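# Survey of secondary and tertiary structure
Okay, here's what each chain looks like letter by letter:
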Amino acid sequence: MEQIGRNNMERYGLIGAKLGHSFSKIIHEEIMDYEYDLIELNEEELEVFFKEKNFSAVNVTIPYKQTVIKWLDVVDEKARKINAVNTVVNRDGKLYGYNTDYYGIVSLLNRNKVEVKDKNVLILGTGGTSNTAYAVFEDLGAKSINKVSRTKRNNSLSYEEAYELKDTQIIFNSTPSGMYPHNEDCPIDINQFPNLEAVMDAIYNPLRTNLVLMAKDRGLKAEGGLYMLVAQAVKAIEYFKDINLDVSVLDTTFNKIYKEKENIVLIGMPGCGKTTISKKLKTAKKLIDADEEIVKNTAKTIPDIFKEVGEKGFRDIEEETIKGIAKNSSQIIATGGGVILRKNNINNLKQNGKVFYLKTPLDKLQTGNGRPLSSDREALEKRYAERKELYEKYADTIIDNEFLEHSIEVINAYEN
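Below is a short write-up of the structure. (Residues numbered from 1 in each chain as written. Predicted model: local features only at pLDDT ≥ 70, side-chain atom pairs only at ≥ 80, totals over all residues. Heavy atoms only, no water.)

### As for the sheet that holds strand 9 (residues 170-173)
- Strands sit in the order 8-7-9-10-11 across an open sheet of five strands; the sheet is parallel. Only two strands of the sheet have a single partner each, and these edge strands are strand 8 (144-148) and strand 11 (221-223). Taken over all neighbouring pairs, the strand axes of this sheet differ in orientation by 15° on average, direction set aside.
- Where strand 10 (residues 198-201) meets strand 11, three bridges bridge the pair, whose relative direction is parallel. Bridging from a neighbouring strand, M200 pairs with E223 of strand 11. (Pairing = 2+ DSSP bridges. Helix = DSSP H or I, 4+ residues; strand = E, 2+ residues; numbered from the N terminus. Axes fitted to C-alpha atoms, helices over the stretch in contact; angles between N-to-C directions.)

Written out as structure tokens, the structure reads:
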């Protein structure tokens, strides 16, 4: 069993079954000057860990938020009511349990100005986080609160029954559906709820799940769980160290982590300079050229792929490539000119990325250079007419790209 930390005096970390996706180490070490480790434990190791008490304080995540309660000496009143603990502090050999997820959820709702009083709420999932969400919505005066589960356990509704609740106004997802590496998943079809106002998702990797993107497409209030995660970490550290942190720490830390993790995605016509611009940006993010990835993965040039399988075959390969690239974070992604022809590409790219359209005058665009669909000026003009509206539709930011230096300046300003 791996031990937390390397300092025998103070040991901090996160325990759970699978932690490869976690941002907690980055967040804690950004806020506080200590070492914070990610410790994966099975159930047998978990029991030994808590009986040995060889730690100062730990956070607890899936699937142990309820399991750990039996080894604690003191459980905070709110955590006991919720029946879920995500923060444990060792004080002179006695273990104290708290629930800082409650503070995280309240912070997420407040950030998005979600009014809960007298609203009808649907909570997806029945685990520890769903219990916490239930307590939050109950305390904030929700009119009705229903839990949804595929197994209908703990008096929850089935998804079929949930779809009958057409007056649902708020959905909170506490399930892992849509979490990295299964980014393509989505727990529920929100189009079944005509009165929906807000969708909050506890998942923070990816930054925006398909559930959140669907809600944003409808113009609803929607956000993933990174702000919630940072907020609960701030509160956990206050318990860890018995201190009060400045209120500004939450937003400062969130903004820094978000910017570091968010991909910068460049879209635009072939020959507009996406790859050139990506290489000149002042950033520590990894540079990814989608077309170069396709060539590397297939061991074929793009013109050869077009000759062998045609445009549809190439788009299939491109879509699979984009899907893989987009799951990762902290990247600058230069896309191929036709990436916007499939909505799946845009959904995948927007899960972790902000999309910049390099709007370039036709007379500034290059032709040839092995580009099958813009081999000459006539072909280029045809593609431009077909794609212009899609570029503008899917862009988060449109940049006048008449001069590459201007585009570089705009993106650098956003990054820094």
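### Some thoughts on the layout of surface pockets
- Volume-wise, the largest pocket comes out at about 1,100 Å³.
- For the largest pocket, the lining is made up of 48 residues, of which T61, I62, S174, P176 and M179 are closest to its centre.
- Breaking the lining of the largest pocket down by element, the ones donating at least two residues are strand 3 (57-60), helix 5 (128-139) and helix 8 (226-241).
- Looking at the lining of the largest pocket residue by residue, the classes come out as 20 nonpolar, 23 polar and five charged. (1 Å grid on protein atoms, 1.4 Å probe; cavity = no way out; pocket = protein on both sides within 12 Å on 5 of 7 lines; lining within 4 Å. Points joined across faces, edges and corners; volume = space filled by probe spheres on them. Nonpolar A, V, L, I, M, F, W, Y, C, P; charged D, E, K, R; others polar.)

### Quick notes on the packing of aromatic side chains
- Using the criterion set out here, one finds 16 aromatic pairs in the structure.
- Between Y227 and F254, the ring centres sit 5.1 Å apart and the planes meet at 75°, which makes this aromatic pair edge-to-face. Of this pair, Y227 sits in helix 8 while F254 sits in helix 9 (residues 248-261); the two residues are 27 residues apart in sequence, bridging distant segments of the chain. A single burial state applies to Y227 and to F254, both of which are buried.
- Put simply, the rings of Y12, Y34, Y36 and F240 touch in pairs and so form one group of aromatic residues.
- One residue, K259, lies across the ring of Y414, its end atom 4.4 Å from the ring centre. (Phe/Tyr/Trp six-rings, centres within 6.5 Å; stacked < 30°, edge-to-face > 60°. Buried < 20%, exposed > 50% of the residue type's maximum accessible area, 1.4 Å probe, protein only. Lys NZ or Arg CZ within 6 Å of the ring centre and 35° of its normal.)

### Some words on the sheet that holds strand 1 (residues 12-16)
- On the basis of which strands lie adjacent, the open sheet formed by six strands has the order 2-1-3-5-6-4 and mixed pairing. Because the sheet does not close on itself, it has two edges, and the strands there are strand 2 (36-40) and strand 4 (74-75).
- Direction of pairing for strand 3 relative to strand 5 (residues 87-91): antiparallel, over a ladder of three bridges. When the bridges of strand 5 are listed, A57 appears paired with V89.
- Across the face of the sheet, helix 1 (residues 24-31) comes into contact with strand 1, strand 2 and strand 3 while running at roughly 160° to strand 2.
- On top of the sheet, helix 2 (residues 43-52) reaches strand 1, strand 2, strand 3, strand 5 and strand 6 (94-98); it is set at about 150° to strand 1, its chief contact. (Contact = heavy atoms within 4.5 Å.)

### Brief notes about unusual backbone geometry
- A cis amide bond links Y180 with the next residue in sequence, P181, at an omega value of 5°.
- As for its position among the elements, P181 is in the loop between strand 9 and strand 10.
- The phi dihedral of N83 is positive, around 65°, even though this residue is not glycine.
- For N83, the position within the fold is in the loop between helix 3 (77-82) and strand 5.
- Residue classification places N83 among the partly exposed positions, given a relative accessible area of 39%.

### Notes on the packing of helix 8 against helix 9
- One can describe the packing of helix 8 onto helix 9 by two numbers: an axis separation of 9 Å at closest approach and a directional angle of 135°. Here helix 8 lies oblique to helix 9, going by the angle between them. For the crossing formed where helix 8 meets helix 9, the hand is right-handed. For the pair formed by helix 8 and helix 9, the contact residues are L226, Y227, V230, A231 and V234 on the first element and V249, L250, D251, T253, F254, I257 and Y258 on the second.
- Grouping the amino acids of the contact of helix 8 with helix 9 by side-chain chemistry returns 10 nonpolar, one polar and one charged. (Parallel < 35°, antiparallel > 145°, perpendicular 65-115°, else oblique. Left-handed = near helix turned anticlockwise from the far one by under 90°.)

### Brief notes about the nonpolar core
- One finds I27, L109, F137, F172, L226 and F240 to be the most contacted residues of the largest nonpolar core, which totals 52 residues.
- When residues of this core are assigned to their parent elements, the largest contribution, 11 residues, is made by helix 8.
- Look past the residues within four positions of F137 in its chain and what remains in contact with it is L109, V116, V121, I123, A142, I145, I170 and F172.
- Among the nonpolar cores identified, the runner-up in size contains 32 residues, and C272, I325, I346 and L380 belong to it. (Core = buried A, V, L, I, M, F, W, Y, C linked by side-chain atoms within 4.5 Å.)

Worth remembering: the numbers are spatial, not functional.
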